[in-house]
Amino acid sequence: MRALTGTDPDRLKEEKERGITIDLGFAHCDLGEGVVASFVDVPGHERFVRNMLAGAHGIDALLLTVAADESVMPQTREHFHIARLLGVPRGVIAITKCDIADEDSQALVELEVRELVEGSFLENWPILRVSAHTGEGLPALRGALLDLARETPERPTDGLLRLPIDRVFSLKGFGTVVTGTLVGGELAVGDELEVLPGSERARVRGLQVHGEAVERAPAGTRTAVNLGGIEIEELHRGRVLAAPGTLRATSMVDVEISLIASARPLADGARVRVHLASAEVLARVRLLGAEQLEGGSSALAQLRLESPAVAGRGDRLVLRSYSPADTVGGAVVVDPLPPRRRAADLEAVERLRSAAELAAAMGAMAEQAD
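Here the residue numbers are simple positions, counted from 1 along each chain's written sequence. Since the coordinates come from a predicted model, pLDDT governs what is reported: local features require at least 70, and pairs of side-chain atoms require 80 or more to be given and counted, while whole-chain, interface and lining totals use all residues. The side-chain values count all of the structure's non-hydrogen atoms but skip hydrogen atoms and water molecules.

**Q** Just to check I follow, could you spell out the overall build of the chain for this structure?
**A** A count of helices and strands for the chain gives 7 helices and 23 strands. Only C-alpha atoms enter the radius of gyration, while the globule expectation follows 2.2 Å times N to the 0.38, with N the number of residues. Taken over C-alpha atoms, the radius of gyration comes to 21 Å for the chain, in line with the 21 Å a tight globule of 370 residues would show. The 370 residues of the chain split such that 47% are buried. Here the open area of atoms and residues is found with the Shrake-Rupley method and a 1.4 Å probe, where only the protein chains shown may cover a residue. Accessible surface for the chain amounts to roughly 18,000 Å². Of this, 49% is attributable to carbon and sulfur atoms. In this description a helix means any DSSP run of H or I spanning at least four residues, a strand means any run of E spanning at least two, and both kinds are numbered starting from the N terminus. Only protein chains enter the accessibility calculation, which uses a 1.4 Å probe. A residue is then buried if its area is under 20% of the maximum for its type, exposed if over 50%, and partly exposed in between.

**Q** Just to check I follow, could you spell out the side chain of serine 278 for this structure?
**A** Note on placement: serine 278 falls in the loop between strand 18 (271-276) and strand 19 (279-287). From its side chain, serine 278 meets the backbone oxygen of isoleucine 165 in a polar contact 2.7 Å long. The contact criterion used throughout is that any non-hydrogen atoms of two residues lie within 4.5 Å. In this structure serine 278 touches Ala54, His57, Pro164, Ile165, Asp166, Arg237, Gly238 and Arg239, once residues within four positions along its chain are discounted. By the criterion applied in these results, polar contacts are pairs of N or O atoms within 3.5 Å in which, for protein atoms, one can donate a hydrogen and the other can accept it, and in which residues neighboring in sequence qualify only through two side-chain atoms.

**Q** In this structure, what is going on with the pairing of strand 7 (residues 167-171)? I would like to understand it.
**A** Regular strands have side chains that alternate between both faces of the sheet. Between any two strands, at least two bridges found by DSSP are needed for them to pair. For strand 7 and strand 8 (residues 175-181), the ladder comprises 5 bridges, and the chain directions are antiparallel. The residue bridging serine 170 from the neighbouring strand is threonine 176, located in strand 8.

**Q** Help me understand the side chain of threonine 181, please; the structure alone is not making it clear to me.
**A** For threonine 181, the position within the fold is in strand 8. Those residues in contact with threonine 181 that lie beyond four places of it in its chain are His57, Gly58, Arg162, Leu163, Pro164, Asp166, Gly220, Thr221 and Arg222.

**Q** Would you explain the nonpolar core in this entry?
**A** Soluble, globular proteins show a tendency: their nonpolar side chains are buried together. Residues Leu122, Val255, Ile257, Val274 and Leu303 are the most contacted members of the largest nonpolar core, which totals 70 residues. Sort the elements by how many residues they give to this core and helix 6 (residues 138-151) lands first, with 6 residues. Once you skip the residues sitting within four places of it in the chain, leucine 122 turns out to touch Leu62, Leu64, Phe80, Arg90, Gly91, Val92, Ile93 and Val117. For our purposes a nonpolar core is just a set of buried Ala, Val, Leu, Ile, Met, Phe, Trp, Tyr and Cys residues, chained together by side-chain atoms within 4.5 Å. In this structure, Leu193, Val204, Leu235 and Leu241 belong to the second largest nonpolar core, which totals 18 residues.

And the structure:
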C-alpha cells in the first residue's frame, strides 16, 4: 500500500512492531484521468478475519495479493470466498514480493492462483507480478486499477442514506469523528442524522473525502464525518448513520442462505456469527422447510439476531460458525423487517424472494435501456 499510494495504512503500534495488518487501514491513490481510488487495507491473518469483514462490505473491486514466497494460504482462500459471498464483481490479482522469488517460483504461484479463481469473477482479470521493494510491476498495477475504475458504475445518490461506521475517534479541536463507506444516498454538511441501532441524533459538522474537506459526499465514497451533538463513547463500529426516520433496526431478517461447498451441514437452530456491513452479531438460524442445510446448497431461513442491526432488502451477509469462527457461507436479505417465522411460512418467503428477483431484473432492464 505504501509503495502504491504513498501512505502506510498500518497505524497501530502493534502493527508497526509485528509487521502485519491487524485492523482496517485506509489510503487513496490518484490513478490519473481524474480518478482517485480509495483503498480499504484489511488484515490477511486468519485471527483478524472479523476485522477484514468490517471493511470488505462496501468495496466495488478486489485487489487480491498473494506473496511469491508463500503462495496461496488458507486465509487467501477464506478472503476469496468472502469476496464471492459479498458479490464483488471485479478485481485484480497481484503476486507480491517478486524480488525475493525466482521465475520458476513466481510461475508456480501464478498457476496456483489461477486454479483458485477458476470459474469465478476473477478468472479473466489480470494477474500482475509486482515488488514494493523495487517498484517492478507497479505502473502496470496502477493501469489495471484504472481499467477497473472505468468499468465500475457510479452508485446512485437518490437511495436511502446509509453509512455503516467502521472507525470512531476524536480529534483535538474537532471532537467526534467517524469513518465508513457511504453505501447509499448523499451526505452533506449540516445534515441531521440518526444513529442506529438506537435513537441518538447528531449533526454533520464537517466532511472529508480523500483527506480533503468537502460540502457533500456521494454514495460509494470513503467518508470521514465530524459529528456534533454526540460523544465518542456513544459510538462504535457496527452502528449506522441514516437520515432520521428512514431506517429501522431489526432483530430478525429473512434470508436465502448459501453454504460454501466445504462447509459442514448447518442445522436448524444453529448459532452463527452474522457479519452485516461493519457489524458482527450472533444469531440463531431458523431454516424454513428443512432440518439441515448441506455444504454447497441453499435454503430460505430466518436469522434471529441476539442484538439488533440495520439491514436492507438485497444486502449480502457473511455467516461464520460460532466456534471455531470459520466462514461457512453467505446470505442475501429477502425481508429486513419480517414477522417471526415458522417452517410453514416457507411459501410466503418464496413469494417475497420472487418479488425481489423480479424487481431486480426490471431495474437492470431499465438501466440497460438508459
